[in-house]
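Structural characterization, general
So the chains spell out like this:
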Amino acid sequence: YLLDRTRTLWVPVVISVLLAALLLPLHRLLMGRLRFPPGVAAITSVLLLIAFVSGLLTLAGRQIATGIGELWAQAADGFQELLDLVVGLGIGISGETIDGWLEDATGQLGENSDSILTGALSVGVTLGHVVVGVIVTMFALFFMLKDGRTIWTWSVRLFPRTARRAVHE
(Lines give C-alpha, C1' and ligand atoms only; values in the text may rest on other atoms or scores of the structure.)
Protein backbone atom coordinates (compact mmCIF):
# COMPACT_ATOMS: atom_id res chain seq x y z
CA TYR A 1 0.00 0.00 0.00
CA LEU A 2 2.78 2.40 0.96
CA LEU A 3 4.73 1.70 -2.23
CA ASP A 4 1.60 2.30 -4.29
CA ARG A 5 0.89 5.61 -2.60
CA THR A 6 4.48 6.87 -2.96
CA ARG A 7 5.22 5.62 -6.47
CA THR A 8 5.32 9.17 -7.83
CA LEU A 9 8.45 9.61 -5.71
CA TRP A 10 10.27 6.27 -5.67
CA VAL A 11 9.82 5.29 -9.34
CA PRO A 12 11.63 8.45 -10.57
CA VAL A 13 14.40 7.87 -8.01
CA VAL A 14 14.89 4.29 -9.21
CA ILE A 15 14.91 5.50 -12.83
CA SER A 16 17.48 8.15 -11.92
CA VAL A 17 19.70 5.47 -10.35
CA LEU A 18 19.59 3.50 -13.60
CA LEU A 19 20.27 6.61 -15.68
CA ALA A 20 23.14 7.56 -13.37
CA ALA A 21 24.69 4.15 -13.97
CA LEU A 22 24.39 4.72 -17.72
CA LEU A 23 25.75 8.27 -17.60
CA LEU A 24 28.59 7.57 -15.15
CA PRO A 25 31.19 6.86 -17.89
CA LEU A 26 30.34 10.17 -19.59
CA HIS A 27 30.47 11.97 -16.24
CA ARG A 28 33.88 10.46 -15.47
CA LEU A 29 35.15 11.40 -18.94
CA LEU A 30 34.05 15.00 -18.45
CA MET A 31 35.71 15.16 -15.02
CA GLY A 32 38.87 13.24 -15.94
CA ARG A 33 39.97 14.18 -19.43
CA LEU A 34 38.16 17.47 -19.82
CA ARG A 35 38.67 18.49 -16.16
CA PHE A 36 35.12 19.67 -15.53
CA PRO A 37 34.20 20.29 -11.89
CA PRO A 38 31.79 17.63 -10.55
CA GLY A 39 28.74 19.90 -10.63
CA VAL A 40 29.41 21.14 -14.16
CA ALA A 41 30.08 17.57 -15.36
CA ALA A 42 26.80 16.41 -13.78
CA ILE A 43 24.70 19.18 -15.33
CA THR A 44 26.43 18.67 -18.70
CA SER A 45 25.66 14.94 -18.58
CA VAL A 46 22.01 15.58 -17.72
CA LEU A 47 21.68 18.21 -20.46
CA LEU A 48 23.25 15.86 -23.03
CA LEU A 49 20.78 13.15 -21.98
CA ILE A 50 17.86 15.57 -22.36
CA ALA A 51 19.14 16.65 -25.79
CA PHE A 52 19.54 13.02 -26.90
CA VAL A 53 16.06 11.98 -25.74
CA SER A 54 14.53 15.15 -27.23
CA GLY A 55 16.19 14.37 -30.56
CA LEU A 56 14.80 10.83 -30.55
CA LEU A 57 11.31 12.08 -29.68
CA THR A 58 11.51 14.71 -32.43
CA LEU A 59 12.45 12.09 -35.01
CA ALA A 60 9.67 9.78 -33.88
CA GLY A 61 7.17 12.67 -33.81
CA ARG A 62 8.03 13.70 -37.35
CA GLN A 63 7.58 10.14 -38.60
CA ILE A 64 4.21 9.89 -36.87
CA ALA A 65 3.09 13.31 -38.14
CA THR A 66 3.99 12.53 -41.75
CA GLY A 67 2.34 9.11 -41.59
CA ILE A 68 -0.87 10.14 -39.81
CA GLY A 69 -2.37 11.90 -42.83
CA GLU A 70 -1.76 8.90 -45.06
CA LEU A 71 -3.08 6.54 -42.39
CA TRP A 72 -6.24 8.63 -41.98
CA ALA A 73 -6.87 8.60 -45.75
CA GLN A 74 -6.36 4.84 -45.91
CA ALA A 75 -8.69 4.30 -42.95
CA ALA A 76 -11.40 6.44 -44.56
CA ASP A 77 -11.02 4.56 -47.85
CA GLY A 78 -11.18 1.22 -46.03
CA PHE A 79 -14.29 2.26 -44.10
CA GLN A 80 -16.01 3.38 -47.30
CA GLU A 81 -15.11 0.08 -48.99
CA LEU A 82 -16.55 -1.80 -46.01
CA LEU A 83 -19.79 0.21 -46.21
CA ASP A 84 -20.02 -0.42 -49.95
CA LEU A 85 -19.43 -4.13 -49.38
CA VAL A 86 -22.15 -4.34 -46.70
CA VAL A 87 -24.64 -2.49 -48.90
CA GLY A 88 -23.67 -4.57 -51.96
CA LEU A 89 -24.17 -7.92 -50.21
CA GLY A 90 -27.92 -7.57 -50.54
CA ILE A 91 -28.72 -8.55 -46.97
CA GLY A 92 -31.23 -5.78 -46.49
CA ILE A 93 -28.91 -3.12 -45.08
CA SER A 94 -29.12 0.11 -46.99
CA GLY A 95 -26.98 3.21 -46.89
CA GLU A 96 -29.77 5.01 -44.99
CA THR A 97 -29.71 2.30 -42.29
CA ILE A 98 -25.97 2.68 -41.87
CA ASP A 99 -26.34 6.48 -41.73
CA GLY A 100 -28.96 6.00 -38.99
CA TRP A 101 -26.55 3.81 -37.03
CA LEU A 102 -23.84 6.44 -37.35
CA GLU A 103 -26.26 9.13 -36.12
CA ASP A 104 -27.20 6.91 -33.14
CA ALA A 105 -23.51 6.46 -32.33
CA THR A 106 -22.98 10.22 -32.48
CA GLY A 107 -25.97 10.70 -30.16
CA GLN A 108 -24.53 8.18 -27.70
CA LEU A 109 -21.25 10.08 -27.68
CA GLY A 110 -23.14 13.29 -26.86
CA GLU A 111 -25.11 11.62 -24.07
CA ASN A 112 -21.95 10.14 -22.54
CA SER A 113 -19.89 13.31 -22.73
CA ASP A 114 -19.54 13.33 -18.92
CA SER A 115 -17.77 9.96 -19.03
CA ILE A 116 -15.58 11.16 -21.86
CA LEU A 117 -14.71 14.32 -19.90
CA THR A 118 -13.87 12.25 -16.82
CA GLY A 119 -11.56 10.10 -18.92
CA ALA A 120 -9.88 13.20 -20.37
CA LEU A 121 -9.35 14.62 -16.87
CA SER A 122 -7.86 11.30 -15.79
CA VAL A 123 -5.42 11.54 -18.70
CA GLY A 124 -4.56 15.07 -17.58
CA VAL A 125 -3.83 13.92 -14.04
CA THR A 126 -1.66 11.08 -15.37
CA LEU A 127 0.20 13.52 -17.60
CA GLY A 128 0.80 15.74 -14.56
CA HIS A 129 2.24 12.78 -12.66
CA VAL A 130 4.54 12.01 -15.59
CA VAL A 131 5.79 15.62 -15.71
CA VAL A 132 6.44 15.63 -11.95
CA GLY A 133 8.19 12.26 -12.31
CA VAL A 134 10.48 13.60 -15.02
CA ILE A 135 11.37 16.62 -12.89
CA VAL A 136 12.12 14.45 -9.84
CA THR A 137 14.15 12.07 -12.04
CA MET A 138 16.33 14.86 -13.46
CA PHE A 139 16.79 16.44 -10.01
CA ALA A 140 17.83 13.13 -8.42
CA LEU A 141 20.00 12.24 -11.44
CA PHE A 142 21.96 15.47 -11.12
CA PHE A 143 22.73 14.86 -7.45
CA MET A 144 23.51 11.18 -7.99
CA LEU A 145 26.05 12.08 -10.64
CA LYS A 146 27.50 14.96 -8.63
CA ASP A 147 27.59 13.35 -5.17
CA GLY A 148 26.77 9.70 -5.82
CA ARG A 149 29.54 8.21 -3.75
CA THR A 150 28.69 10.41 -0.76
CA ILE A 151 24.98 9.59 -1.04
CA TRP A 152 25.77 5.86 -1.25
CA THR A 153 28.11 5.97 1.75
CA TRP A 154 25.49 7.80 3.80
CA SER A 155 22.81 5.27 2.74
CA VAL A 156 25.00 2.31 3.74
CA ARG A 157 25.67 3.88 7.15
CA LEU A 158 21.93 3.74 7.89
CA PHE A 159 22.27 -0.03 8.35
CA PRO A 160 23.79 -1.77 11.40
CA ARG A 161 27.58 -2.20 11.30
CA THR A 162 27.30 -5.95 10.83
CA ALA A 163 25.13 -5.52 7.72
CA ARG A 164 27.00 -2.64 6.04
CA ARG A 165 29.42 -4.78 4.06
CA ALA A 166 26.62 -6.96 2.67
CA VAL A 167 24.53 -3.88 1.83
CA HIS A 168 27.46 -2.26 0.07
CA GLU A 169 28.19 -5.39 -1.95
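Above this note sits the structure.
Computed from a prediction, not measured in an experiment: that's the story for all the values here.

What follows is about the packing of helix α2 (residues 7-32) against helix α5 (residues 113-156). A pair of packed helices is captured by two measures, namely the crossing angle of their axes and the spacing between those axes. Two numbers describe how α2 lies on α5: the axes approach to 7 Å, and their chain directions differ by 45°. Regarding the angle of α2 to α5, the classification is oblique. Judged by the sense of rotation from one axis to the other, the crossing of α2 with α5 is right-handed.

Put simply, the largest pocket is a space of about 620 Å³. Lining the largest pocket are 19 residues; nearest its centre among them are Leu24, Met144, Gly148, Arg149 and Trp152. Elements represented by at least two residues in the lining of the largest pocket include exactly α2 and α5. Taken together, the residues of the lining of the largest pocket sort by class into 10 nonpolar, five polar and four charged. By volume, the second largest pocket amounts to about 220 Å³. Contributing to the lining of the second largest pocket are Arg7, Thr8, Val11, Pro12, Ile15, Leu19, His129, Val130, Gly133, Val134, Thr137 and Met138. If you list the elements that add at least two residues to the lining of the second largest pocket, you get α2 and α5. Of the residues assigned to the lining of the second largest pocket, the class counts are seven nonpolar, four polar and one charged.

On to the packing of α2 against helix α3 (residues 38-88). Their axes nearest at 9 Å, the elements α2 and α3 cross at an angle of 125°. In terms of axis orientation, α2 runs oblique to α3. You can see that α2 and α3 cross each other, and the crossing is right-handed. Together, Leu19, Leu23, Leu26, His27, Leu30 and Met31 of α2 and Pro38, Ala41, Ala42, Thr44, Ser45, Leu48 and Leu49 of α3 make up the contact between the two elements. Tallied by class, the residues present in the contact of α2 with α3 amount to 10 nonpolar, three polar and no charged.

This brings us to the environment of Thr66. Structurally, the position occupied by Thr66 is in helix α3. Its relative accessible area of 61% is what places Thr66 among the exposed residues. Engagement of the side chain of Thr66 in a polar contact is seen with the backbone oxygen of Gln63, the distance being 3.0 Å.

A complete count under the given rule lists two aromatic pairs for this structure. Ring geometry for Phe139 against Phe143: centres 5.0 Å apart, planes inclined by 65°, an arrangement best described as edge-to-face. Here Phe143 and Phe139 lie together in helix α5, a separation of four residues that amounts to about one turn. Taking 4.9 Å as the distance between ring centres and 80° as the angle between the ring planes, the aromatic pair formed by Phe142 and Phe143 counts as edge-to-face. Assessed through its relative accessible area of 32%, Phe143 is described here as partly exposed. Here the aromatic cluster, defined as three or more aromatic residues joined through ring pairs, consists of Phe139, Phe142 and Phe143.

A word on the nonpolar core. One broad rule of soluble globular proteins: the nonpolar side chains tend to lie buried together. By size, the foremost hydrophobic cluster in this structure holds eight residues: Ala20, Leu23, Ala42, Val46, Leu49, Leu141, Phe142 and Leu145. Elements with a contribution of two residues or more to this core: α2, α3 and α5. Setting aside its immediate chain neighbours within four residues, Leu141 contacts Ser16, Leu19, Ala20, Leu23, Val46 and Leu49.

This next bit is on unusual backbone geometry. Not every positive phi belongs to a glycine, and Arg35 is a case in point at roughly 55°. Looking at the element boundaries, Arg35 is found in the loop between α2 and α3. For Arg35, a relative accessible area of 71% corresponds to the exposed category.

Thresholds applied
Residues numbered from 1 in each chain as written. Predicted model: local features only at pLDDT ≥ 70, side-chain atom pairs only at ≥ 80, totals over all residues. Heavy atoms only, no water. Axes fitted to C-alpha atoms, helices over the stretch in contact; angles between N-to-C directions. Helix = DSSP H or I, 4+ residues; strand = E, 2+ residues; numbered from the N terminus. Parallel < 35°, antiparallel > 145°, perpendicular 65-115°, else oblique. Left-handed = near helix turned anticlockwise from the far one by under 90°. 1 Å grid on protein atoms, 1.4 Å probe; cavity = no way out; pocket = protein on both sides within 12 Å on 5 of 7 lines; lining within 4 Å. Points joined across faces, edges and corners; volume = space filled by probe spheres on them. Nonpolar A, V, L, I, M, F, W, Y, C, P; charged D, E, K, R; others polar. Contact = heavy atoms within 4.5 Å. Buried < 20%, exposed > 50% of the residue type's maximum accessible area, 1.4 Å probe, protein only. Polar contact = N/O pair within 3.5 Å; in protein donor to acceptor, adjacent residues only side chain to side chain. Phe/Tyr/Trp six-rings, centres within 6.5 Å; stacked < 30°, edge-to-face > 60°. Core = buried A, V, L, I, M, F, W, Y, C linked by side-chain atoms within 4.5 Å.

Function cannot be read off these values alone, since they describe shape.
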